[in-house]
Amino acid sequence: MKSEEIKLQNYILNLREDIKICGAQQILKEFHKKLNVSYKEASKTFGISESFYRQCVKNKNVPIWMLKKINKYNPELVNKIYQSNVYFTARNEKDRLPKSIDRPLSYILGYLDGDGHLDKNEKRISFCDESEMQLINIKGLIGKIFSCIGSIDSFRSKFSTKPCYRLLVRRVTISSFINKVFNRKFGAKRGLKINKILLTN
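Only a predicted model underlies this, so the values are computations on that prediction, with no experimental measurement involved.

A.B. asks: I keep staring at the packing of aromatic side chains and nothing clicks. Help me out?
C.D. replies: Given two aromatic rings, their pairing is described by the distance between the two centres and the angle made by the two planes. Tallying each qualifying case throughout the model produces eleven aromatic pairs. Seen from their ring centres, Y39 and Y53 are 6.0 Å apart, and the 65 degrees between their planes marks the pair as edge-to-face. Placement of Y39 in helix 2 (residues 39–46) and of Y53 in helix 3 (residues 50–58) is noted, with a sequence separation of 14 residues between them. Judged by relative accessible area, Y39 falls into the buried class, the value being 18%.

Okay, structure coming up:
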């Protein structure tokens, strides 16, 4: 890892429970095989329906609420998934969530504190600026970090004499990541402080 990056601790179980992880099927198959029990026995132990457990092991995206149940018996599974090359989804789109903080992500977090916020509906991130070019740059950074595409529109603000631009990132996954990992509140901003993680470097 580069010296200008800060490694993040495993945050999977802190995210919204309805978020799903994509691409963990092989890890789940190996995990179930090592249990050396039937799907019925395993699902009973974890408190999950047999049909749903079987689907997740074979070919279905696994929700975080299910991993929480399994984690009580085997924490290594979640750690292995965290270290692997997985995506996160709440609906159809698949997003990356970083495992370390670098300069671009630090910039996004600082810009969010100044000219953005997490919407109170927990489903969207908004940035506002008089400079469309600035938002185009931010959109590009977000695309590289999270593998998602935001949208820019224009509007008139009562606080500005010029047209303003707004960048919207409609992602439950990214909103939950910023909220849980960096302690940024949904809705009105209050009590902002530089995150302790950033102060370690």
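After that view, the rundown keeps rolling.
A.B. asks: Explanation requested: helix 4 (residues 64–71) in the structure shown.
C.D. replies: Residues spaced three or four apart along an α-helix face the same direction, because each turn holds 3.6 residues. Along helix 4, the residues classified as buried are I64, M66, L67 and I70. Buried residues along helix 4 cover an arc of 150 degrees about the axis, so they all sit on one side. Those residues of helix 4 that are buried lie in contact with strand 2 (20–22), helix 1 (25–35), helix 2, helix 3, strand 3 (62–63) and helix 5 (76–83).

A.B. asks: Even after reading the chapter, I still don't get the pattern of salt bridges, so can you show me in this structure?
C.D. replies: Note that side chains of opposite charge can pair when their charged atoms are close. Considering all chains together, one arrives at nine salt bridges under this definition. Its salt-bridge partner being K68, residue E17 comes within 3.1 Å of it at the nearest N-O pair. Linking E17 in the loop between strand 1 (6–7) and strand 2 with K68 in helix 4, this pair joins segments that are 51 residues apart in sequence. Across the salt bridge formed by D119 and R124, the nearest N and O atoms sit 2.5 Å from each other. Put simply, R16, D18 and E122 are held in one network by salt bridges that share partners.

A.B. asks: Can you walk me through the nonpolar core in this structure?
C.D. replies: As a rule of thumb, nonpolar side chains are buried together in soluble globular proteins. In terms of nonpolar packing, the biggest core is built from 55 residues, with Y53, F127 and F177 touching the most fellow members. Ranked by residues supplied to this core, first place goes to helix 8 (residues 172–182) with six residues. Discounting chain neighbours no more than four positions away, the residues touching F177 are L8, Y11, L15, L97, P98, F146 and F182.

Reading guide: rules and limits
Residues numbered from 1 in each chain as written. Predicted model: local features only at pLDDT ≥ 70, side-chain atom pairs only at ≥ 80, totals over all residues. Heavy atoms only, no water. Phe/Tyr/Trp six-rings, centres within 6.5 Å; stacked < 30°, edge-to-face > 60°. Helix = DSSP H or I, 4+ residues; strand = E, 2+ residues; numbered from the N terminus. Buried < 20%, exposed > 50% of the residue type's maximum accessible area, 1.4 Å probe, protein only. Arc of directions from axis to C-beta. Contact = heavy atoms within 4.5 Å. Salt bridge = Lys/Arg side-chain N within 4 Å of Asp/Glu carboxyl O. Core = buried A, V, L, I, M, F, W, Y, C linked by side-chain atoms within 4.5 Å.

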